[in-house]
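Structural overview for review
Residues per chain, in single letters:
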Amino acid sequence: MNEMTPVTDIATNAAPEKAKPALPDAQTVTEVKHWTDKLFSFKVTRPASLRFRSGEFVMIGLMNDPDPKTGKVKPLLRAYSIASPSWDEEMEFYSIKVEDGPLTSRLQHIQPGDEIILRPKPVGTLVHDALLPGKRIWFFATGTGFAPFASLLREPQTYEDYDEVVITHTCRTAGELTYGRELIESLKDDALLNEVIGEGFWKKIKYYPTTTREESPKMGRITDLMRSGEAFAELGVAPLNPESDRAMICGNLAFNLELKDLFENTYGLEEGANSKPAHFVVEKAFLD
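What counts and how
Residues numbered from 1 in each chain as written. Predicted model: local features only at pLDDT ≥ 70, side-chain atom pairs only at ≥ 80, totals over all residues. Heavy atoms only, no water. Pairing = 2+ DSSP bridges. Helix = DSSP H or I, 4+ residues; strand = E, 2+ residues; numbered from the N terminus. Axes fitted to C-alpha atoms, helices over the stretch in contact; angles between N-to-C directions. Contact = heavy atoms within 4.5 Å. Core = buried A, V, L, I, M, F, W, Y, C linked by side-chain atoms within 4.5 Å. Buried < 20%, exposed > 50% of the residue type's maximum accessible area, 1.4 Å probe, protein only. pLDDT = per-residue confidence, 0-100.

Time to look at the sheet that holds strand S8 (residues 164-171). Whenever strands of a sheet pair, they do so through backbone hydrogen bonds, lying parallel or antiparallel. Read from one edge to the other, the open sheet built from five strands follows the order S9-S8-S7-S10-S11, with strand pairing classed as parallel. What marks the edges here is a single partner per strand, and that holds for strand S9 (205-211) and strand S11 (280-282). Across the sheet, the mean angle separating the axes of adjacent strands is 10° when strand polarity is ignored. As judged from the six bridges shared by strand S7 (residues 136-142) and strand S10 (residues 245-250), these two strands associate in the parallel manner. Bridging from a neighbouring strand, Ala141 pairs with Cys250 of S10. Sitting on the sheet, helix H8 (residues 253-265) touches S7, S10 and S11, and the angle it makes with S10 is about 165°.

Looking at soluble globular proteins, one finds that nonpolar side chains tend to be buried together. Grouped together as the largest cluster of nonpolar side chains are 31 residues, with contacts concentrated most on Phe139, Phe146, Phe149, Leu153, Tyr179, Ile205 and Met248. Mapped by element, the contributors of at least two residues to this core are S7, helix H2 (147-152), S8, helix H4 (178-186) and S10. Sort the elements by how many residues they give to this core and H2 lands first, with four residues. Residues in contact with Phe149, not counting those within four places in the same chain, are Leu126, Phe139, Phe140, Ala141, Ile167, Met248, Ile249 and Cys250. Counting 22 residues, the second-largest nonpolar core is a separate cluster that includes Tyr208, Ile222, Phe232 and Val237.

Note: strand S1 (residues 26-34) against strand S6 (residues 115-123), three bridges, orientation antiparallel. Within the sheet, the bridge partner assigned to Ala26 lies in S6 and is Ile117. One ladder, built from five bridges, connects S1 with strand S2 (residues 39-45); its direction is antiparallel. Its bridge partner lying in S2, Val29 is registered against Val44. Linking S1 back to S2 in an antiparallel pair, the connection comprises four residues.

This next bit is on the confidence of the model for the protein chain. Confidence in the prediction for the protein chain averages 91 pLDDT; 91% of positions are at 70 or higher. Per-residue pLDDT stays below 50 along residues 1-19; that stretch engages in seven contacts with residues further than four places along the chain or on separate chains.

Following this line, the structure appears as structure tokens:
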């Protein structure tokens, strides 16, 4: 063999595969769980230098296909709320599956050991710093909008700052509620959190799941149930007011706008931000 001879694998007589281009900001998938045919969650390694506040989101994704004209390959990224709390050694995400979605059509097939891109620059409005002190915190979610609240429900500050934690989760079908329900149930037996936050901390949580299409123990849109007063009566709490209640919203655009209108025009709450804390915040980056 001389230097002009193509290099081959002697055993197979085939040219070796070209090395895959290095993935930028790569993190390794450690766990994948499919909840329904449309929902899945996964965990990846956490960059050693990454710091974030529970409730924030990051950009994650995969490499796109080569551009047909230039041949260049660019990252395909989307904003994903971090479902794991700020203290966790791994990072968890909760995602929909869209058959023809540019990213999720491929992301849903990842397996442990695969790599994804994770840009280590967390941002977001669903953080405690964006709210004024209060007595009760409300988390309002639709679909995979539960993700940031999965983080905040495991954040010690949530229970240090509030006497009550109300989480409402509205989905089309009962199966879509499973991820959130199982996470909340797991808090009872979480030895670490019970030790760090205090035994029985989970008793502060009031969980209110509803469905809009498939029959379940509680059906209806949370906004309709609030307007009728039914939700408050069943939860055993008074309607929201600026003195005691704080809220976070993460759902589809129509849901976000409807709740924002309710908060401002019915309950007298003011929208806050990191730079100007107030009574409620909305995650504008999320679209279910």
